[in-house]
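# Reading the structure
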Amino acid sequence: MNKTPISKIILEGREFLVKRDDLFDPYLSGNKYRKLHTLLKTPKEHYNKIISYGGTQSNAMLAIAALAKQKGWVFEYYTKPLSKKQKEQEEGNYPIALSLGMQHYELELESYKVYVQALRLNLDPMCVVVDQGGADRMAQEGVAVLAQEIQEESLEFEAIATPSGTGTTALYLALAFPQYKVYTTAAIGDKGYLEEQMSALSSIPSNLVILEPQKKYHFAKPYKELYEFYKHLKYGGIEFDLLYAPLLWKLLMEQTKEKILYIHSGGVSGNVSMEPRYKAKFPELFSL
Ligand SMILES: *Cc1c(COP(=O)(O)O)cnc(C)c1O
């Protein structure tokens, strides 16, 4: 796929455009595809190993596993110790990444941080390290390609939106589109935490707008009202991820009015491991 397509979706009578970065590849999808663009373009011979770290639900982990497989590179992934339940997980990103060849190492809690901070010390030149979630300056190049694709379409929209974890994607989008507002929200932590993450990469431009919910939503915890958004969007024809997208959709509906181009951030492959948690907590959402 050269360019990802644009879809329309109507939510409560309001029309949105959606840039379908979820369709690039089932595993290497959404903003992880954009963030890894530079490595995707790198010739195979350049490296033989890619190293990263983080959680086992991570979409970045799965995307790197798919990239490494495609390139024939070894993929080493470091995490904190897993629970028995996490290890035995049969669906979702973790077992898929393992099946793609990921080599997983659990580090002791006490040594995790030090180990991870030292990954780049004396690094073999044939190895490349990608920080947790792909929060790397390298991402700017891939987001610029996304911006280029959007510009070539001559679409009609007044603002852009995409959800944030580390904020890398939203930040680089806002820098690439100074003439538009870029709406985002912090799926992890709060606005202050998100600004801190972004500031580590660049100063935050004024067209980047971080929307804030009235109540605190904890990352990866099931909330009935967020599932409702996921469900409505799915009926509308597009599946979004359950961790990042629903909160931003809720805030866009509550706090914005413009015609929005929403950048699908991918991550749908993780839904099979979130669905059972929703089912357990809110069985009424699943009864007919
Ligand atoms: C990783 C991820 C995000 C967050 O992207 P950042 O660039 O870290 O802000 C958002 N949505 C999905 C589905 C993701 O996988």
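Residues numbered from 1 in each chain as written. Predicted model: local features only at pLDDT ≥ 70, side-chain atom pairs only at ≥ 80, totals over all residues. Heavy atoms only, no water.

## Section: empty space enclosed by the protein
A complete count under the given rule lists 3 cavities of 30 Å³ or more for this structure. A volume near 110 Å³ is recorded for the largest cavity. Around the largest cavity, the lining is made up of 15 residues, and of these His218, Ala220, Leu226, Leu242 and Leu243 lie nearest the centre. For the lining of the largest cavity, the secondary-structure elements that each account for two or more residues are helix 11 (245-255) and helix 12 (271-281). Its residues placed into classes, the lining of the largest cavity shows 13 nonpolar, 1 polar and 1 charged. Approximately 60 Å³ is the volume found for the second largest cavity. If you trace the second largest cavity, you find it lined by Gln57, Asn59, Asp241, Leu242, Leu243, Gly267, Gly270, Asn271, Ser273 and Met274. (1 Å grid on protein atoms, 1.4 Å probe; cavity = no way out; pocket = protein on both sides within 12 Å on 5 of 7 lines; lining within 4 Å. Points joined across faces, edges and corners; volume = space filled by probe spheres on them. Helix = DSSP H or I, 4+ residues; strand = E, 2+ residues; numbered from the N terminus. Nonpolar A, V, L, I, M, F, W, Y, C, P; charged D, E, K, R; others polar.)

## Structural notes on the packing of aromatic side chains
A full pass over the atoms with the stated rule returns 17 aromatic pairs. Taken together, a centroid distance of 5.8 Å and an interplanar angle of 70° make the contact between Phe177 and Tyr180 edge-to-face. Each ring, one from Tyr227 and one from Tyr278, has its centre 4.7 Å from the other, and the planes form 45°; the classification is tilted. A residue pair is termed long-range when its members are at least 10 positions apart, and Tyr227 in helix 10 (residues 224-235) and Tyr278 in helix 12 qualify at 51 residues. (Phe/Tyr/Trp six-rings, centres within 6.5 Å; stacked < 30°, edge-to-face > 60°.)

## Things to note about the site of the ligand
In the vicinity of the ligand there are 16 residues, among which Lys32, Asn59, Thr166, Gly167 and Thr169 approach most closely. Between Thr169 and the ligand, the recorded distance is 2.6 Å, taken from a side-chain N or O atom to an oxygen atom. Summarising the interface, the protein chains cover 98% of the accessible area of the ligand, which totals 380 Å² for the free molecule. Counting residues per element, the ones that place at least two in the shell around the ligand are helix 1 (30-35) and helix 8 (168-176). Of the residues forming the shell around the ligand, the biggest block, 3 residues, is contributed by helix 1. Within the shell around the ligand, the residues separate by chemical class into 2 nonpolar, 11 polar and 3 charged. (Near = heavy atom within 4 Å. Polar contact = N/O pair within 3.5 Å; in protein donor to acceptor, adjacent residues only side chain to side chain. Areas by Shrake-Rupley, 256 points an atom, 1.4 Å probe, with all protein chains shown as cover.)

## Things to note about helix 8
Side chains of residues three or four places apart in an α-helix project in the same direction, reflecting 3.6 residues per turn. Most of helix 8 sits inside the fold, with 7 of its 9 residues counted as buried. Of all the residues in helix 8, the buried ones are Thr168, Thr169, Ala170, Leu171, Tyr172, Leu173 and Ala174. (Buried < 20%, exposed > 50% of the residue type's maximum accessible area, 1.4 Å probe, protein only.)

## Comments concerning the pattern of salt bridges
Where charged atoms from two side chains of opposite charge approach closely, those side chains can pair. Taken as a whole and judged by the stated rule, the model has 16 salt bridges. When the shortest N-O distance is used, the salt bridge between Glu76 and Lys49 registers 2.9 Å. Here the residue Glu76 occupies a position in strand 4 (residues 74-79), and Lys49 occupies one in strand 3 (residues 49-53), the gap between them amounting to 27 residues. Note on Glu76: relative accessible area 10%, which makes it buried. (Salt bridge = Lys/Arg side-chain N within 4 Å of Asp/Glu carboxyl O.)

## Quick notes on the sheet that holds strand 3
Taken in spatial order, the 4 strands of this open sheet run 5-4-3-6, and their pairing is parallel. Looking at the sheet topology across the chains shown, the edges are occupied by strand 5 (103-106) and strand 6 (127-129). Across the sheet, the axes of successive neighbouring strands diverge by a mean angle of 20°, strand direction being ignored. Across 4 bridges, the pairing between strand 4 and strand 5 is parallel. When the sheet's bridge partners are listed, Tyr77 is paired in strand 5 with His104. Here helix 3 (residues 59-71) sits on the sheet in contact with strand 3 and strand 4, set at roughly 160° to strand 4. (Pairing = 2+ DSSP bridges. Axes fitted to C-alpha atoms, helices over the stretch in contact; angles between N-to-C directions. Contact = heavy atoms within 4.5 Å.)

## Observations regarding the domain arrangement of the chain
As assigned here, the chain comprises domain 1 (6-26 + 138-286) and domain 2 (33-134). Each of domain 1 and domain 2 has a C-alpha centre, and these two points are 24 Å apart. Counting from both sides, the interface comprises 22 residues of domain 1 and, opposite them, 17 residues of domain 2. Between domain 1 and domain 2, roughly 1700 Å² of surface is buried when both sides are summed, and carbon and sulfur atoms account for 55% of that area. (Domains from an automatic or database assignment. Buried area = accessible area lost by both parts, 1.4 Å probe.)

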